[in-house]
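Structural description and commentary
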Amino acid sequence: MKISYYLFLFLILLSISGLSQDKPNEVEELKLKLNEDGSHYIKATILNQIWFRYNQSNPGTTVLGDPTAETFDIGLRRTRLQLYGQITDRVFFYLQFGQNNFNYLAGQNSANSGNRKNQVFFHDALGEYRVFKGTDKLHLGGGLTITNGLSRFSQPSIGTIMSMDVPIFAQATVDQTDEFSRKLSVYARGQIGKLDYRIILSDPFPITSNGLPQAGINLTNANFAWDNHSKQYQAIFIWNFFDKESNVTPYMTGTYLGKKKVLNLEAGFITQANATWTGSNTNADPTTDPNRKYYNMNLWSVAIFYDAPVNAEKGTAASAHLGYFNTDYGTRYLRYNGIMNPANGTNVGGAPTGSYGNAFPMFGTGSVVYAQFGYLLKKDLLGKGNGTLMPYITYQGANYDRLDKQMNLFDFGVNWFMKGHTSKLALDYQLRPTYTPFGNDLIQNTGMNGQVVAQYQFFF
């Protein structure tokens, strides 16, 4: 890939430039100053998250056609290169290039063929204009961007997340009508006093271009519509009671590890007209189905986020989040998703699409409560220079229309911060529900399965 080669060379030049300008004892970032005071700059970052995972498969799971009760896989959850900078007093740009979910089934399709090399793409490519010089009151931007409404977890800084992974359900249309949660958008964002706001107009991609076989039209259960394209409107408003959060990029930090005192109250939404449909499923072309009916997608959430030091001298800190999400995708919408799924099929007749491996009903019409809590233990807990630990727990409780009862998903884990987020090792145990089809397309809970993941992250 020529573009990867040139980006790599540029990163080296940035590093050499940083050394030659400031001659620091230790390089803390790859940053090239464009003016004397450093207010104009170009910065690069590198991130890689490597997973080592054992998973108890959902009932009926197959891998390459073989029944498989359990799997062990190694994968790259995320591999990213970022390049961004303030190139004038008013102009900012941001580019991100990389791949996601690269394990031994990367590129595999339902016909047991594919191309493992077609995984790398631009995640972000945006430009911004600062309307009022010297302040963050109003930035106008556009391009391919993760700037979203709904929640802070709809635009997460994945290099700084506290748990093993973010709650993906908050990236509500991920890889359905967006590109890994990014959309072509125009937006206004900024900070006015203690208010952080983002207002976005997005042009979603058609579901038919997501590279997957499309579900037909169903009489009772909504799916994303193949036609009737409409724009998407989004916004999020966050009140910062204590320290303001960074406004440099659109991404929102997972945990500051005691470096900030943050208490935020947030509310956000996403809305799109005629986003999903139902119909009789009797026509080869659903767009000609005389019985089709369209539904608006209306999603909203409210949440509180706390991340602050407990004892500054000892270096301890706490991080917590509690949010409520109301998710209306249209009547009885339900979508399974398995993160970097270690399987690719099922032998259960009538099983929902994608319900094999480690998948669970991640998205649906209904409501979700999401909570997480972590506690950073004292600095140098493991000896001077060896870092410290941060145990955590997360919970996702979903009441979706097509589930027979509330879905409960738990993650228990611990981070070993060897050097903050720059170098960390995490161990996570996830307990998730399993389901089988049960009359009239209702999905019935039949048990619980587990997954253990060890992840090493470097982020510089």
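Everything discussed here concerns the structure shown above.
Just so it is clear, the model here is predicted, and its values are computed rather than measured.

Across the sheet, 3 strands lie side by side as β4-β3-β17; this open sheet has antiparallel pairing. Either end of the sheet is taken by a strand with one partner, and the two such strands are β4 (66–67) and β17 (345–346). Looking at chain direction, strand β3 (residues 61–63) and β17 are connected through 2 bridges and run antiparallel. Residue pairing in the sheet places T61 in a bridge with T346 of β17.

A complete count under the given rule lists 12 salt bridges for this structure. For the salt bridge of D89 with K133, the shortest nitrogen-to-oxygen distance reads 3.2 Å. Of this pair, D89 sits in the loop between β5 (70–86) and β6 (91–102) while K133 is found in the loop between β7 (121–130) and β8 (139–145), placing the two residues 44 residues apart along the sequence. You can call D89 partly exposed: its relative accessible area is 32%. Linked through salt bridges whose partners overlap, the residues forming this network are E29, K31 and K43.

Alignment of strand β2 (residues 41–56) against strand β23 (residues 442–459), held across 9 bridges, turns out to be antiparallel. Paired with Q49 across the two strands is Q457, which belongs to β23. Looking at chain direction, strand β22 (residues 423–438) and β23 are connected through 16 bridges and run antiparallel. Looking at the pairing, P433 lines up with M448 of β23.

Let us now look at the nonpolar core. Judged by nonpolar contacts, the single largest core of 48 residues is most densely connected at Y329 and F363. At 4 residues, the largest contribution of residues to this core is made by strand β20 (residues 388–400). Ignoring anything within four residues of it in the chain, the contact list for Y329 reads A172, A222, F224, T276, N296, M297, L299, F363, G364 and T365. Residues F92, Y94, I146 and Y187 belong to the second largest nonpolar core, which totals 9 residues.

Moving on to the side chain of N221. Along the chain, N221 turns up in the loop between β10 (195–203) and β11 (223–224). Given a relative accessible area of 4%, N221 falls into the buried group. A distance of 2.9 Å separates a polar atom in the side chain of N221 from a polar atom in the side chain of R332. Those residues in contact with N221 that sit more than four places away from it in its chain are W277, T278, T331, R332, R402 and D441.

Take a nonpolar patch on the surface next. Taken together, the side chains of F52, Y54, F72, I74, F373, I393, F412, L427, Y429 and V452 present a nonpolar region at the surface, about 910 Å² in accessible area. Elements represented by at least two residues in the nonpolar patch include exactly β2, β5 and β22. Structurally, Y429 can be placed in strand β22. Given the relative accessible area of 34%, Y429 is considered partly exposed.

Residue D175 is not a glycine yet carries a positive backbone phi of 60°. With a relative accessible area of 31%, D175 lands in the partly exposed category. Although it is not a glycine, N274 sits at a positive phi angle of roughly 55°. Checked against the element boundaries, N274 lands in strand β13 (residues 262–278).

Following the sequence through the fold, F460 ends up in the segment after β23. Residue F460 is classed as partly exposed on the basis of its relative accessible area of 30%. For the pair formed by F460 and G159, sequence separation is 301 residues and the distance between their alpha carbons is 9.1 Å.

With that settled, consider the pairing of strand β21 (residues 407–419). In terms of strand pairing, β20 meets β21 through 11 bridges, oriented antiparallel. Counted as the bridge partner of Y392 is G413 from β21. Two elements, β21 and β22, share 9 bridges in a ladder whose sense is antiparallel. Bridge assignment links W416 to a residue of β22, and that residue is L425. Counted between consecutive antiparallel strands, the loop separating β21 from β22 contains 3 residues, among which G420 sits at a positive phi close to 55°.

To continue, consider the packing of aromatic side chains. A full pass over the atoms with the stated rule returns 16 aromatic pairs. Taking the centre distance of 6.0 Å and the plane angle of 55° together, the rings of F169 and Y370 count as tilted. Placement of the pair is F169 in the loop between β8 and β9 (183–192) and Y370 in strand β19 (residues 366–376), with a sequence separation of 201 residues. Of the two residues, F169 and Y370, both sit in the buried class. Here a set of aromatic residues connected by ring pairs shows up, and it is made of Y84, F92, Y94 and Y251. Sitting over the face of the ring of F242, K261 holds its NZ or CZ atom 4.4 Å from the ring centroid.

The rules we used
Within any chain, residue numbers begin from 1 and follow the written order of that chain's sequence. Side-chain atom pairs in this predicted model are given and counted only at pLDDT of 80 or more, local residue features only at pLDDT of at least 70, and totals for whole chains, interfaces and linings cover all residues. As a rule here, side-chain values cover all heavy atoms of the structure and leave hydrogens and water aside. Paired strands are those between which DSSP finds at least two bridges. Comment: elements are numbered from the N terminus, with helices defined as DSSP H or I runs of at least four residues and strands as E runs of at least two. A pair is scored as a salt bridge if a Lys or Arg side-chain nitrogen falls within 4 Å of a carboxyl oxygen belonging to Asp or Glu. A simple rule labels every residue: compare its accessible area, found with a 1.4 Å probe on the protein chains alone, to the largest value its type can have, and call it buried under 20%, exposed over 50%, or partly exposed in between. To define a nonpolar core, start from buried Ala, Val, Leu, Ile, Met, Phe, Trp, Tyr and Cys residues and group those joined through side-chain atoms within 4.5 Å. Residue contacts follow a heavy-atom distance rule, with two residues in contact if any of their heavy atoms lie within 4.5 Å. Identification of polar contacts relies on pairs of N or O atoms within 3.5 Å, with a donor-acceptor requirement for protein atoms, meaning one able to donate a hydrogen and the other able to accept it, and with residues adjacent in sequence counted only if both atoms are side-chain atoms. Within the patch definition used here, like charges are joined within 9 Å and nonpolar side chains (Val, Leu, Ile, Met, Phe, Trp, Tyr) within 5 Å, considering only residues with over 30% relative accessible area and no salt bridge. Using a 1.4 Å probe, accessible areas were evaluated by the Shrake-Rupley method; residue-level cover was limited to the displayed protein chains. Two rings from Phe, Tyr or Trp (for Trp, the six-membered ring) form a pair when their centres are within 6.5 Å of each other. A pair whose planes differ by under 30 degrees is stacked, one over 60 is edge-to-face, and the rest are tilted. Distance and angle both matter: a charge sits over a ring if NZ of Lys or CZ of Arg is within 6 Å of the ring centre and within 35 degrees of the ring normal.

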